[in-house]
Amino acid sequence: MEKIVSSTEIAPRIHKIVITAPQIAKMWQPGQFLILHVKEDSERIPLTICKRDPEKGEITLVVQAIGESTREICSMPAGSPIRDVLGPLGMPSEIDVNFKNVLFVSGGIGITPLYPLIQKYYELGSRTTVLMGFRTAKNLILEEEVREVATNTMIASDDGTLGEKGLALDLIAPAIEKWGKFDHVYIAGPVRMMQYTVAEAAKFGIKSTVSLNPLMIDGTGMCGGCRVNIGGHVKFACVDGPEFDGELVDFEKLAKKLGTYKDHQCRIR
Ligand code: FES
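Residues numbered from 1 in each chain as written. Predicted model: local features only at pLDDT ≥ 70, side-chain atom pairs only at ≥ 80, totals over all residues.

Brief notes about the domain arrangement of the chain
You can read the domains of the chain as domain 1 (2–89) and domain 2 (101–260). The C-alpha centroid of domain 2 is placed 21 Å from the C-alpha centroid of domain 1. Each side of the interface is counted separately: domain 1 has 16 residues, and domain 2 has 17 residues. Broken down by element, the residue count for the side of domain 1 that touches domain 2 peaks at four residues, all from strand β4 (residues 44–53). Of the residues assigned to the side of domain 1 that touches domain 2, the class counts are 12 nonpolar, three polar and one charged. (Domains from an automatic or database assignment. Contact = placed C-beta atoms within 7 Å. Helix = DSSP H or I, 4+ residues; strand = E, 2+ residues; numbered from the N terminus. Nonpolar A, V, L, I, M, F, W, Y, C, P; charged D, E, K, R; others polar.)

So, the sheet that holds strand β7 (residues 84–89)
In any sheet, the strands associate via hydrogen bonds between backbone groups, in a parallel or an antiparallel arrangement. Ordered in space as β6-β1-β2-β5-β4-β3-β7, the seven strands form an open sheet in which the pairing is antiparallel. The strands lining the two open edges of the sheet, one partner per strand, are β6 (81–82) and β7. Two strands pair when backbone bridges link them, and strand β1 (residues 2–11) and strand β2 (residues 14–20) are joined in this way by six bridges, in the antiparallel orientation. Paired with S7 across the two strands is I17, which belongs to β2. Lying on the sheet, helix α3 (residues 111–123) is in contact with β4 and β5 (58–64); it crosses β4 at an angle near 30 degrees. (Pairing = 2+ DSSP bridges. Axes fitted to C-alpha atoms, helices over the stretch in contact; angles between N-to-C directions.)

What to know about the nonpolar core
The biggest cluster of nonpolar side chains holds 76 residues, and the ones touching the most others in it are L34, L36, L61, I118 and L131. At six residues, α3 tops the list of elements feeding residues into this core. No fewer than three residues from each of domain 1 (2–89) and domain 2 (101–260) sit in this core. Contact partners of L34, with chain neighbours within four places excluded, come to I24, L47, I49, V85, L86, G87, P88 and L89. (Core = buried A, V, L, I, M, F, W, Y, C linked by C-beta atoms within 7 Å. Buried ≥ 20, exposed ≤ 12 C-beta atoms within 10 Å, placed from the backbone.)

Observations regarding the pairing of β2
β2 sits mainly inside the fold: five of its seven residues count as buried. The hairpin turn running from β1 into β2, its antiparallel successor, is two residues long, and R13 in that turn takes a positive phi close to 65 degrees. As judged from the seven bridges shared by β2 and β5, these two strands associate in the antiparallel manner. When the bridges of β5 are listed, I19 appears paired with I59.

Observations concerning unusual backbone geometry
Omega for the bond connecting G87 with P88 falls within 30 degrees of zero, at -5 degrees, which places this linkage in the cis form. On the secondary structure map, P88 appears in strand β7. In the segment running from G241 into P242, the intervening peptide bond is cis, with an omega of 15 degrees. Looking at the secondary structure, you find P242 in the loop between α7 (237–240) and β16 (243–245). In this structure, R13 takes a positive phi of about 65 degrees despite not being glycine. Of note, R13 is situated in the loop between β1 and β2. Take R13: there are 13 C-beta atoms within 10 Å of it, and that puts it in the partly exposed class.

Topic: the environment of T153
Looking at the element boundaries, T153 is found in strand β10 (residues 152–157). According to the C-beta neighbour criterion, T153 is partly exposed, with 17 such atoms within 10 Å. The spatial distance from the C-alpha of T153 to the C-alpha of E143 is 9.2 Å, given a sequence separation of 10 residues. If sequence neighbours within four positions are ignored, T153 has contacts with V130, V146 and R147.

Re the sheet that holds strand β13 (residues 208–211)
Within the open sheet, the seven strands sit side by side as β11-β10-β9-β8-β12-β13-β16. Their pairing is mixed. What marks the edges here is a single partner per strand, and that holds for β11 (164–165) and β16.

A closer look at the environment of M27
Topologically, M27 is positioned in helix α1 (residues 22–27). In this structure M27 comes out as partly exposed when scored by C-beta crowding, with 13 C-beta atoms within 10 Å.

Points about the environment of T129
Turning to its location among the elements, T129 is positioned in strand β9 (residues 127–134). A count of 25 C-beta atoms within 10 Å places T129 in the buried class. T129 sits 27 residues away from V102 along the chain, and the two C-alpha atoms are 6.3 Å apart.

Here's the deal with α3
Its 13 residues give α3 an end-to-end C-alpha distance of 18 Å, which sits within 8% of 18 Å, the value for a rise of 1.5 Å per residue. Among all positions of α3, only I111, T112, P113, L114, Y115, P116, L117, I118 and Y121 are buried. Two residues or fewer past α3, G125 is found with a positive phi of approximately 90 degrees. (Expected span 1.5 Å × (residues − 1).)

Here it is as structure tokens:
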């Protein structure tokens, strides 16, 4: 049985949790996620993977305690057993070696799925510019990790307690002025944040990829819970995604669906 190796609160209600999962640590690629089933009677929680250590057989997750199951895992101490871990699930991120000047825009905990991708492009020698948005200074997470693999970093906060006052997408125009036009932008965060960031990037002729966070239940394409509309076609985020072309996503439908199930547990973030 897998177990929790360590659990650290890195911001209010946000924990960095290291668990044992040797197979996933070996096979996982950026963009993929897993589903945790903590105890017999717990709900299944889809979570993005932040880091892995194949030698130790461990993976690092960032979990926000927003519902019963996420609160449960965040309260569990090191050594606690986990009933099962399913993964890696979903399609790996499409990495384009021709993208030499790459932009990443995150909202809140959305920086978690972007971090491995930033690292990958950085290792490939691309210039990586990261625009991180948080509600307030207290919510800042993964700053140190991101700075290690980001050529440029800019931070914004809603209340101005950290970096520029405003949204991360407000930093796109100044970033282009400083570092030139970007080849592509990767976006992760709340649905509306992704929708408006896609539109802002499009104004500058920059194509986008978004990491979607719909409801998930089985994570294997069977339940239909994660159905999303992409370019007029129905896709399942768990098997066809979670990353999609930002300009093809029907954000209105997605926001409506998530609003309907606002209190549901099964969200990636
Ligand atoms: S989570 Fe069930 S189909 Fe995707």
